[in-house]
Amino acid sequence: MTSKELQRTIGRTGTLTVAGHAGTLQVAVKVVDAKNAWGNTRYEVVPIKGTGRAWVASERVQLDPVDETVRQTSCAHCGLDIEGIAPFRPGTWRDRGNNATTCNDSPRKHAPIKE
Ligand SMILES: [Zn+2]
């Protein structure tokens, strides 16, 4: 995995398989860090419920699919057509003309109009 791909896994949720003595657990986890170690990808995960953190082989984590929903609307500040991708974090909306995240006439970040 490239460092950019590793970066993109941070914050994602998934299911960690934990083999027990006579059975297997599927635990919901969140990836908090990722690295390559001797050619293998490893994730540092924390449980969604519970405590602790652990580095595990990436093969043991089934990542949840990424929501790539796109929403097109207008900027509440400058009126330009803007586009956002789930989860629609503030400051990530881009206008479709020059792909900028800030308004033309001010240093403000584009923000979607309320629906
Ligand atoms: Zn704007």
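Data block above holds the structure.
Draft legend 1. Examining the overall build of the chain more closely. Counting its secondary structure elements, the chain contains 1 helix and 8 strands. Moving toward the C terminus, one meets the helices and strands of the chain in the order α-β-β-β-β-β-β-β-β. A globule of 115 residues ought to have a C-alpha radius of gyration of about 13 Å, yet the chain, at 19 Å, is considerably larger. Projected onto the principal axes, the alpha-carbon positions of the chain cover approximately 60 × 30 × 20 Å. Residues classed as buried in the chain amount to 11% of the 115 residues present. Of the contacts made within the chain by residues no fewer than 6 positions apart, 30% connect residues no fewer than 24 positions apart.

Draft legend 2. The arrangement of the nonpolar core in detail. Counting residues in hydrophobic clusters, the biggest one holds 6 residues: Val29, Val31, Ala34, Tyr43, Val45 and Val61. Tallying contributions element by element places strand β2 (residues 24-37) first for this core, with 3 residues.

Draft legend 3. Looking closely at the pairing of strand β1 (residues 13-19). Pairing between β1 and β2: 7 bridges, direction antiparallel. Residue pairing for β2: Leu16 is matched across the bridge by Val27. In sequence, β1 turns back onto β2 through a hairpin of 4 residues, with Gly23 there showing a positive phi of about 155°. Alignment of β1 against strand β5 (residues 61-63), held across 3 bridges, turns out to be antiparallel. For Gly14, the partnering residue across the bridge sits in β5 and is Leu63.

Draft legend 4. Broad picture of the sheet that holds strand β6 (residues 70-74). The antiparallel open sheet is built from 3 strands, whose spatial order is β6-β7-β8. Both outer strands of the open sheet, β6 and β8 (94-95), are each paired with one neighbouring strand and no more. Two elements, strand β7 (residues 81-85) and β8, share 2 bridges in a ladder whose sense is antiparallel. Paired with Ile82 across the strands is Asp95, a residue of β8.

What counts as what
- Residues numbered from 1 in each chain as written.
- Predicted model: local features only at pLDDT ≥ 70, side-chain atom pairs only at ≥ 80, totals over all residues.
- Helix = DSSP H or I, 4+ residues; strand = E, 2+ residues; numbered from the N terminus.
- Rg over C-alpha atoms; globule rule 2.2 N^0.38 Å.
- Buried ≥ 20, exposed ≤ 12 C-beta atoms within 10 Å, placed from the backbone.
- Contact = placed C-beta atoms within 7 Å.
- Core = buried A, V, L, I, M, F, W, Y, C linked by C-beta atoms within 7 Å.
- Pairing = 2+ DSSP bridges.

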